[in-house]
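Working through the structure, step by step
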Amino acid sequence: MRTHLTLRSNNAKTGPIAVSSTERASCPPSCPFIKRCYGESGFHTRLHWDKIDKGERGTNWSGFLDQVRSIPAGSLWRHNQVGDLAGKGDKVDKRKLRSLTLANRGKQGYTYTHKPVISGEHARANAEAIEQANKGGFVVNLSGNNPAHADRLANLGIAPVVTIVARDTPDVSYTPLGRKIVVCPAQQRDDITCATCGLCARQRSVIVGFRAHGVNASKIEAISEQYGQG
């Protein structure tokens, strides 16, 4: 599982934090946004991802863990600006996630996953691995396809939840079951970045909403409306 770590990102939205990327093989086929996500729509991001897939950038898992250990204590960092949790396709590699959780000790690492945790062959094992990572201090956010799906993920009680929302969604809204959704602060204000916010790196009850954006925003909205399972 080839992974690349940038110790100081130049991304305007994340701010100057460490950010990783994992090869496309980690992306679950069950994800309705596969091949349509922002990682595929941005020229430079797609080029970077291509080089990881080709073995021109990044390192193996052991090398990546060494890099994570070198991140200064207390630092906020984001795993997988593109890609998903280690493990081919829909399956989470429990051993690799456990080793990453240990390497993250003393740091504020966080990520998002579309690996299935509700239904499918690997759902139960995935949910258990993700729950253990969160208990161990590595925050794995479950990614909802829409607010209704976010409710189903939140009902599991294993991890914080984020969700795709429409472009015209207000800064604060609610899921069908009444859970509060707060739109990503970095989408609300230009002077906020992941580095200054850190909301997704916390255990919390509020759901973080990401407005569909990029050149595929309209397609993302359409898919979000259509899919609620996973």
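Residues numbered from 1 in each chain as written. Predicted model: local features only at pLDDT ≥ 70, side-chain atom pairs only at ≥ 80, totals over all residues. Heavy atoms only, no water.

1. Some remarks on the sheet that holds strand 8 (residues 180-183)
Paired through their backbone hydrogen bonds, the strands of a sheet run either parallel or antiparallel. Operational definition: For two strands to pair, DSSP has to find at least two bridges joining them. To qualify as a helix, a DSSP run of H or I must reach at least 4 residues; to qualify as a strand, a run of E must reach at least 2; elements of each kind are numbered from the N terminus. Angles shown run from 0 to 180 degrees and are taken between the N-to-C directions of axes, each axis being a line fitted to C-alpha atoms and, for helices, limited to the stretch in contact. We call two residues in contact when some of their heavy atoms are within 4.5 Å.
Spatially, the nine strands line up as an open sheet ordered 1-2-3-4-5-6-9-8-7, and their pairing is mixed. Looking at which strands have only one partner, the edges of the open sheet turn out to be strand 1 (3-6) and strand 7 (172-174). On average, each strand axis in the sheet is inclined to that of its neighbour by 30 degrees, with strand direction left out of account. Two strands pair when backbone bridges link them, and strand 8 and strand 9 (residues 207-211) are joined in this way by three bridges, in the parallel orientation. What sits directly across from Val 182, in strand 9, is Val 208. Strand contacts of helix 3 (residues 61-70): strand 1, strand 2 (18-22) and strand 3 (76-78), with the helix running at about 20 degrees to strand 1, the strand carrying the most contacts. Where helix 6 (residues 147-154) meets the sheet, its contacts fall on strand 5 (139-144), strand 6 (161-165), strand 8 and strand 9, and the angle it forms with strand 6 comes to roughly 170 degrees.

2. Remarks on helix 5 (residues 123-135)
The condition that has to hold: By this rule the span expected of a helix is its residue count minus one, scaled by 1.5 Å.
In a regular helix each residue adds 1.5 Å, so 13 residues correspond to 18 Å; helix 5 covers 18 Å between its end C-alpha atoms and thus fits that length. Looking at the buried side of helix 5, the elements it contacts are helix 4 (94-103), strand 4 (108-113) and strand 5. Gly 137 sits one or two residues past helix 5 and shows a positive phi near 100 degrees.

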